[in-house]
Amino acid sequence: MIIRTQEESTDRGELQVNVVDDENIPIQDAKVIIRDTDNQVVEEIQTDRSGQTENITLSTPPLAYSLDENNEQRPYANYNVEIEAEGFQLENIINVEVLPDELAIQNIRISRQVSGTITIEPHTLYKEYPEKIPEAEIKDVNEPGEIVLSRVVVPEYIVVHDGTPESSAEDYYVLYRDYIKNVASSEIYATWPEETLRANILAIMSFTMNRVYTEWYRNKGYDFTITSSTAYDQKWIYGRNVYESISRIVDNIFNLYLSRPDVRQPILTQYCDGKQVTCPNWLSQWGSCNLGEQGRTAIEILRYYYGNDIYINSAEQISGVPASWPGYNLSVGSRGEKVMQLQEQLDTIAQAYPAIPRIAADGIYGEKTKAAVAEFQHIFNMPISGVVDFATWYKISAIYVGVTRIGEGVDRR
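Here is what the cut-offs are and how they apply
- Residues numbered from 1 in each chain as written.
- Predicted model: local features only at pLDDT ≥ 70, side-chain atom pairs only at ≥ 80, totals over all residues.
- Heavy atoms only, no water.
- Helix = DSSP H or I, 4+ residues; strand = E, 2+ residues; numbered from the N terminus.
- Rg over C-alpha atoms; globule rule 2.2 N^0.38 Å.
- Buried < 20%, exposed > 50% of the residue type's maximum accessible area, 1.4 Å probe, protein only.
- Contact = heavy atoms within 4.5 Å.
- Areas by Shrake-Rupley, 256 points an atom, 1.4 Å probe, with all protein chains shown as cover.
- Lys, Arg positive; Asp, Glu negative; His and termini not counted.
- Charge placed at Lys NZ, Arg CZ, Asp CG, Glu CD.
- Pairing = 2+ DSSP bridges.
- Axes fitted to C-alpha atoms, helices over the stretch in contact; angles between N-to-C directions.
- Parallel < 35°, antiparallel > 145°, perpendicular 65-115°, else oblique.
- Left-handed = near helix turned anticlockwise from the far one by under 90°.
- Nonpolar A, V, L, I, M, F, W, Y, C, P; charged D, E, K, R; others polar.
- Disulfide = S-S within 2.5 Å.

Caption draft 1: Layout of the overall build of the protein. Along the backbone of the protein there are eight helices and 18 strands. For a compact globule of 413 residues, the expected C-alpha radius of gyration is about 22 Å, and the protein comes in at 21 Å, within 12% of that figure. Put simply, the protein has 413 residues, and 54% of those count as buried. Within the protein, residue pairs in contact and separated by at least 24 positions form 70% of the contacts whose partners lie at least 6 positions apart. Carbon and sulfur atoms make up 44% of the accessible area of the protein, which totals about 17,600 Å². Of note, the protein has its 35 positive side-chain charges centred 4 Å away from the centre of its 61 negative side-chain charges.

Caption draft 2: Expanded view of the pairing of strand 6 (residues 91-98). Buried residues dominate strand 6, accounting for six of its eight residues. Bridge count for strand 5 (residues 77-84) against strand 6 is six bridges, and the pairing is antiparallel. Considered in strand 6, the bridge of Asn78 is made with Glu97. Between strand 5 and strand 6, which pair antiparallel one after the other, the connecting turn spans six residues, and Gly87 there sits at a positive phi close to 90°.

Caption draft 3: Structural context of the packing of helix 1 (residues 176-187) against helix 3 (residues 244-253). Contact pair helix 1 / helix 3: the axes reach a minimum separation of 10 Å and the direction vectors enclose 140°. It follows that helix 1 is oblique to helix 3 by the angle criterion. Considering how the two elements wind past one another, helix 1 and helix 3 form a crossing that is right-handed. Here Arg177, Ile180, Lys181, Ala184 and Ser185 of helix 1 come into contact with helix 3, specifically with Ile246, Ser247, Val250 and Asp251. Here the residues of the contact of helix 1 with helix 3 sort into four nonpolar, two polar and three charged.

Caption draft 4: Just the packing of helix 4 (residues 285-293) against helix 5 (residues 298-306), in detail. Two elements in contact, helix 4 and helix 5, have axes separated by 10 Å at closest approach and are oriented at 135°. Considering the angle they form, helix 4 stands oblique to helix 5. Taken as a pair, helix 4 and helix 5 cross one another with a handedness that is right-handed. Counting all contacts with helix 4, which are made through Gly287, Ser288, Leu291 and Gly292, the residues of helix 5 involved are Ile301, Tyr304 and Tyr305. In terms of residue class, the contact of helix 4 with helix 5 is made up of four nonpolar, three polar and no charged.

Caption draft 5: Inspection of the state of the cysteines at higher detail. Going through the model one piece at a time under the given rule, you end up with one disulfide. What pairs with Cys272 in a disulfide is Cys279, and their sulfur atoms sit 1.9 Å apart. In this structure, the disulfide formed by Cys272 and Cys279 twists by about -85° around the S-S bond and is classed as left-handed. Accessibility expressed as a relative area gives 11% for Cys279, which makes it buried. Cysteine Cys289 shares no disulfide, and the gap to the nearest cysteine sulfur, in Cys272, comes to 14 Å. On the basis of relative accessible area, Cys289 is assigned to the buried category, the value being 0%.

Caption draft 6: Molecular detail of the sheet that holds strand 1 (residues 11-20). An order of 4-1-7-13 is seen for the four strands of this open sheet, with the pairing classed as mixed. The open sheet has two free edges, formed respectively by strand 4 (56-60) and strand 13 (242-243), since each of these has just one partner strand. Of the pairings in the sheet, the one linking strand 1 to strand 7 (residues 103-109) comprises seven bridges and is parallel in character. Its bridge partner being in strand 7, Glu14 is matched across the sheet by Leu103.

Set out below in structure tokens:
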């Protein structure tokens, strides 16, 4: 049953809620209740056998609000989401952010033992947070005792300290791509031009990879990779929703970072909003939006701020994956070991996500494999092609790791 009580408003956005248990298994027939900030029920819906709701259309402020740096109104709508499922404790997410013309994706993990309430902090472009303390973009890693990775590696997890470095805040183990999607959804508006989103995501990833490569905080005696403090790092918000447009870009470029000639480490690409805080020689988030609207490409935007000698590089290794992408797309007619690995992973996922057709691991990419891939892409909000490209390969790998519990969970403390 869907209850629709919303009044007409200027614009609309969409929300999809995905519900899993502690073992990353989707929960069917969970009741999802969505309330506005006046606690009025605007939607009531159940999850399907993939643990997902249909895309729910919700009222939002006008699109123009999120494209105008001089606007003082909140450019997104807040909604509260309540999850009820038989045998599980009640779960609440407060202040889910829905932008106009965008699909917001709220992932929720529910427990049989513990109920919970997560309150999402306001977006960094709407609320004033501490400004970034400037640092050198290239770290001196030649001092005795410094721990530095021998090569640039995309980590499986980022350990996020949810506060300033010296605080006694919680530490969270967050899958790398999920961390980048969260930060990007917290730092920029998904309504911005795609090349602007791409430029900002590259800056966010390069900043993160610098922290990973230089072991910045571990060299200072801490047991985490990065903080959620805007004064020191980037804004990560526990439990927040992400956006389909941002998620899609991250899935396609998550192995990239920014480099300068003759410098091995990823560049610590610092940035600011360009409105509340100005930052010469750093990327301005609002400025990058304006450049994107002028038709500038991502690399042109990045070079505008960081200089013409900055370029896009790729990591030598991706951690935490059962098998690496073959370097070319797999489609009908493809054969061999990589196809068999794909089929084995996809068939395992199908045991948890029954909407995906079961397939035999015969090493031959036929119509049944194509149909299974297409359904996987549909469930996980990817372009539906039935072809396994870079993004699809690694998304399948990530979900496979999750459902087989090779990983240890994104909320491990």
